Amino acid sequence: MNFNPPDNNKRESPRGLGSPESFVDRDLLRPRTLKENARRVMASDRRNTTVVTFCYLLLASWLPTLYFLFLSNPVSDALDALYAGFYDLSEQMAQLSDETIVTLYGQVLSGAWSALREGLASGWGLFATFLLILILLIGVLADYGFKSWSLRRLQGEFVGPEVLLQVVDLAGKILLLTLLVLGTVFLWGWLLAPLALYMWYRLRIAAYLMLDCPDLSAWQAYCISPTILRGHKWQLLKLDVSFFGWLFLAEAVSYGVSFLSGNYYVYNLLALIGGTVVYLYVEPYRNLSYAGFFQALKNGSPQLHELEEALAERRRQREE
């Protein structure tokens, strides 16, 4: 199955993927339509939606926040040393020569590296670093699990919190796809920030592709996403913008509640609780809308259905 970019000099055939000539109903990509459908799905089973979202927030938000709040680790110590060094340097930069600034930058980086090495030299430091990596991996898997829940609920399937764990079978593909996306955005970001943003938008539905068709490899999902999104990134941007108000509200509540106490730990815990209250509604609302966006693109891409059928047939042949 070929996914070659269409020839812009010719009228695109009905099998084109994500091009302006494809069979994607643009009315279905309107933020208002997507959000109305998301609200209907949420209202159909409010209790299950809340339970799944709460479990997702525990794994993706509470777990890493509590870890950084109550446990010291070499990575945090190195980052703190880096931040403190750069902050002090920025305060003095106007009074220093270029040669001195370069030298001091080197000293700050060397100090952060030394803090990391010293932390890893102890048994606790190694354990804390391992625990940090594990928590971050759990967060990535929980994010994909929540996307999977959104996609399956939108397709009419009833799934509960267990779906957050079912993606473990795809852990290898998920980690590889995450590294591919982050690596691409990071490398382009070195050249120009707008280019990094553009590349990120081209890869936004790669996760949904792999979750919807587990037979796809991470590389295939990575390569197909830009093709399907051709001509539709503007609609995706409008959907993002439509949620800015909700995200601002969540942050405002989070930090507004946190000022009820001046204690460092209570301050952060109140911020976490305040944000969670709003995100219990916002997160399923957003994810169901993005899943609907992907579903509309998929329904307008016959060639993607053919690829899924071919991969499924190949898998059945291997099993036989």
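Residues numbered from 1 in each chain as written. Predicted model: local features only at pLDDT ≥ 70, side-chain atom pairs only at ≥ 80, totals over all residues. Heavy atoms only, no water.

Undergrad: Is there a simple way to think about the confidence of the model for the protein chain in this case?
TA: Reading predicted coordinates in detail is not appropriate for stretches of low pLDDT. Taken as a whole, the protein chain shows an average pLDDT of 85; of its residues, 93% reach a score of 70 or greater. Of the regions scoring below 50 in pLDDT, residues 1-16 engages in 23 contacts with residues more than four places distant in sequence or in other chains. (pLDDT = per-residue confidence, 0-100. Contact = heavy atoms within 4.5 Å.)

Undergrad: How do you make sense of the packing of helix α7 (residues 171-191) against helix α8 (residues 193-202) when you look at a structure like this?
TA: Packed helices, taken two at a time, are described by the angle between their axes plus the distance between the axes. At their nearest, the axes of α7 and α8 sit 6 Å apart, and the two run at 155 degrees to each other. Classified by the angle between their axes, α7 and α8 sit roughly antiparallel to one another. Read as a crossing pair, α7 and α8 show a hand that is right-handed. Residues T184, V185, W188, G189 and L191 of α7 form the contact with α8, whose participating residues are A193, L195, A196, M199 and W200. Classifying every residue of the contact of α7 with α8 by side-chain character gives eight nonpolar, two polar and no charged. (Axes fitted to C-alpha atoms, helices over the stretch in contact; angles between N-to-C directions. Helix = DSSP H or I, 4+ residues; strand = E, 2+ residues; numbered from the N terminus. Parallel < 35°, antiparallel > 145°, perpendicular 65-115°, else oblique. Left-handed = near helix turned anticlockwise from the far one by under 90°. Nonpolar A, V, L, I, M, F, W, Y, C, P; charged D, E, K, R; others polar.)

Undergrad: Help me understand the pattern of salt bridges in this model?
TA: Two side chains of opposite charge can pair, provided their charged atoms sit close to one another. Under the defined criterion, the tally for this structure stands at six salt bridges. With a shortest N-O distance of 3.3 Å, R32 and E36 are connected by a salt bridge. Of this pair, R32 and E36 are both found in helix α1 (residues 31-44), four residues apart, which corresponds to roughly one turn of the helix. The exposure class assigned to E36 is partly exposed, which follows from its relative accessible area of 29%. (Salt bridge = Lys/Arg side-chain N within 4 Å of Asp/Glu carboxyl O. Buried < 20%, exposed > 50% of the residue type's maximum accessible area, 1.4 Å probe, protein only.)

Undergrad: Can you walk me through helix α13 (residues 264-299) in this structure?
TA: Structural remark: α-helix, 3.6 residues per turn; residues separated by three or four positions point the same way. Spanning 36 residues, α13 covers 50 Å between terminal C-alpha atoms, matching the ideal 52 Å at 1.5 Å per step. When the local axis directions of α13 are compared, the greatest deviation, roughly 45 degrees, occurs at Y279. Structurally, the start of α13 carries an N-cap: the backbone nitrogen of Y265 is 3.0 Å from a side-chain oxygen of N263. (Expected span 1.5 Å × (residues − 1). Bend = angle between axes of the 7 residues up to and from the residue. Polar contact = N/O pair within 3.5 Å; in protein donor to acceptor, adjacent residues only side chain to side chain.)

Undergrad: I would appreciate a short explanation of the packing of aromatic side chains in the present structure.
TA: The geometry of an aromatic ring pair is captured by the separation of the ring centres together with the interplanar angle, meaning the angle of the planes. Under the counting rule described, the total for this entry stands at 16 aromatic pairs. Taken together, a centroid distance of 5.6 Å and an interplanar angle of 45 degrees make the contact between W124 and F127 tilted. Pair noted here: W124 and F127 are both in helix α5 (residues 123-154), with a separation of three residues, about one helical turn. Take F127: its relative accessible area is 44%, and that puts it in the partly exposed class. (Phe/Tyr/Trp six-rings, centres within 6.5 Å; stacked < 30°, edge-to-face > 60°.)

Undergrad: Honestly, α7 in this entry has me stumped. Any pointers?
TA: Across its 21 residues, α7 extends 31 Å between first and last C-alpha, which sits within 8% of the 30 Å expected from 1.5 Å per residue. All of the buried residues along α7 are A171, I174, L177, T178, V181 and T184. The elements touched by buried residues of α7 are α5, α8, α9 (206-212) and α10 (218-228).

Undergrad: In this structure, what is going on with the side chain of K298? I would like to understand it.
TA: Looking at the secondary structure, you find K298 in helix α13. If sequence neighbours within four positions are ignored, K298 has contacts with D212, L304, H305 and E308.

Undergrad: Is there a simple way to think about the environment of A60 in this case?
TA: Relative to the helices and strands, A60 is located in helix α2 (residues 46-70). Between the alpha carbons of A60 and F146 there is a distance of 10.0 Å; along the sequence they are 86 residues apart.

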